[in-house]
Amino acid sequence: MSGVLQRIALRMDAHFNAKHVDEFKSGWAASVRDNVQFYETDRVLFRYREVKGPEGAPTLVFSVDPPVSLEQYDELMGLLCNDFRVVVFELPGMGFSPGKRAFRFGFRETNDQIARFLEAIAGPGSILAFSCGAGLASLDLATRRPGLVSAQVLIQVTNVAGFAEWKTARDPKRILAKPILGQLAMRKLAKKRMPAWFRLSLGRKEHVPEFCACSGAAMDHGALWSLASAYQVYLRPDISLAQVNQPTLVIWGEADGSHPIEHRDAILSVVPAADIRSFRKLGHFPELQDPLTIAQTICGWTTELNR
């Protein structure tokens, strides 16, 4: 019975058909910025933005960490486009990247869909700048699909054990972990939960209104936050990751109230040679809280790699 309940629960977050997909492509999500584009697979419609860099510039790909949406990346993209071709995309089942009926949020399944997006849009040898749980996808693809990943920037990313602790701390009553109940809770409470999440994770109260306004506008127009399905299926404690050899920069905001500082150093169990840069006054979204500092950090690090 539990397997049946899980399938029903996942269908609640991934049920979109051709009509729904067309609505995403033609509605608010498609027109809110001039450079919004979509890429469609058999299981996911990916929404992304792209700015062209100088000819021959490397491609830098950011994953959006919900409930943040693409619209929050204006300043960061503008700062980085002189050195990189910049691509920013929303993860499967998040924002305006809906999962279709065949999508089930599995770890390898989700990562393989991301790999298809990277192949088609970013191209080989990209630098992946993935945040939080999506960092596990970057780590996985770096070893299973190394041709796609020349280097990594991991933002607020820990190892599998660290994410298991984080998940337990964020869902102490195990509501999100329960099939159907978790999905219903997110549908009802996502927008109400959002301000509390930003207050905890940003670490600086002056940033909360801006983040709430941007994410709230996206949610008002149908943005997804399939956190329960990610908890139940994607963030599994039995995930196995091989050690990563690609150059890796770890960016960590120490003011993030949702991740203890011990989670920062735990990433060394997967990437022993990682270069860790820690920022005391920034929280869970350092690249959006201080775009200039983080852009300079990434540019400086990639310049060092090429010497």
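Residues numbered from 1 in each chain as written. Predicted model: local features only at pLDDT ≥ 70, side-chain atom pairs only at ≥ 80, totals over all residues. Heavy atoms only, no water.

Trainee: Please explain the nonpolar core as it appears in this structure.
Mentor: One broad trend across soluble globular proteins is that nonpolar side chains are buried collectively. Core analysis: the largest hydrophobic core is formed by 98 residues, its most contacted members being Phe62 and Phe198. If you tally residues by element for this core, the top one is helix H5 (residues 107-122), at seven residues. Filtering out sequence-adjacent residues up to four positions away, Phe62 remains in contact with Tyr73, Leu76, Leu80, Val86, Val87, Val88, Phe89, Ala129, Ile155 and Ile298. (Core = buried A, V, L, I, M, F, W, Y, C linked by side-chain atoms within 4.5 Å. Buried < 20%, exposed > 50% of the residue type's maximum accessible area, 1.4 Å probe, protein only. Helix = DSSP H or I, 4+ residues; strand = E, 2+ residues; numbered from the N terminus. Contact = heavy atoms within 4.5 Å.)

Trainee: In this structure, what is going on with the pattern of salt bridges? I would like to understand it.
Mentor: Once their charged atoms are close, side chains differing in charge can pair, the charge on each being opposite to the other. Scanning the entire structure with this criterion turns up 21 salt bridges. Residue Asp140 pairs with Arg144 through a salt bridge whose shortest N-O separation is 2.9 Å. One end of the pair, Asp140, and the other, Arg144, are both in helix H6 (residues 134-144), four residues apart, so they sit about a helical turn from each other. (Salt bridge = Lys/Arg side-chain N within 4 Å of Asp/Glu carboxyl O.)

Trainee: Even after reading the chapter, I still don't get the packing of aromatic side chains, so can you show me in this structure?
Mentor: The description of two aromatic rings rests on the distance between their centres and on the angle between their planes. By the definition in use, this model includes 17 aromatic pairs. An angle of 65 degrees between the planes, with centres 5.9 Å apart, marks the rings of Phe198 and Phe285 as edge-to-face. Here the residue Phe198 occupies a position in helix H8 (residues 181-202), and Phe285 occupies one in the loop between strand S10 (275-279) and helix H12 (286-289), the gap between them amounting to 87 residues. Residue classification places Phe198 among the buried positions, given a relative accessible area of 0%. Members of the aromatic cluster, joined through ring pairs, are Tyr39, Phe46, Tyr48, Phe89, Phe117 and Phe130. (Phe/Tyr/Trp six-rings, centres within 6.5 Å; stacked < 30°, edge-to-face > 60°.)

Trainee: I'm lost on the pairing of strand S7 (residues 149-155) in this one. Help?
Mentor: Along any regular strand, the residues point their side chains to alternate faces of the sheet. Where burial is concerned, most of S7 is hidden: six out of the seven residues are buried. Handedness of the crossover is the feature at issue here: the chain leaves strand S6 (residues 126-131), passes through H6, returns alongside S7, and the resulting connection is right-handed. Sheet topology places S7 next to strand S9 (residues 248-253); four bridges connect them, and they run parallel. The residue bridging Ile155 from the neighbouring strand is Ile251, located in S9. (Right-handed = clockwise from strand over helix to strand, strands pointing away. Pairing = 2+ DSSP bridges.)

Trainee: Even after reading the chapter, I still don't get a nonpolar patch on the surface, so can you show me in this structure?
Mentor: On the surface, Val4, Leu5 and Ile8 cluster together to form a nonpolar patch covering roughly 220 Å² of accessible area. Looking at the secondary structure, you find Val4 in helix H1 (residues 2-13). (Patch = residues over 30% accessible without salt bridge, like charges linked within 9 Å, V, L, I, M, F, W, Y side chains within 5 Å. Areas by Shrake-Rupley, 256 points an atom, 1.4 Å probe, with all protein chains shown as cover.)

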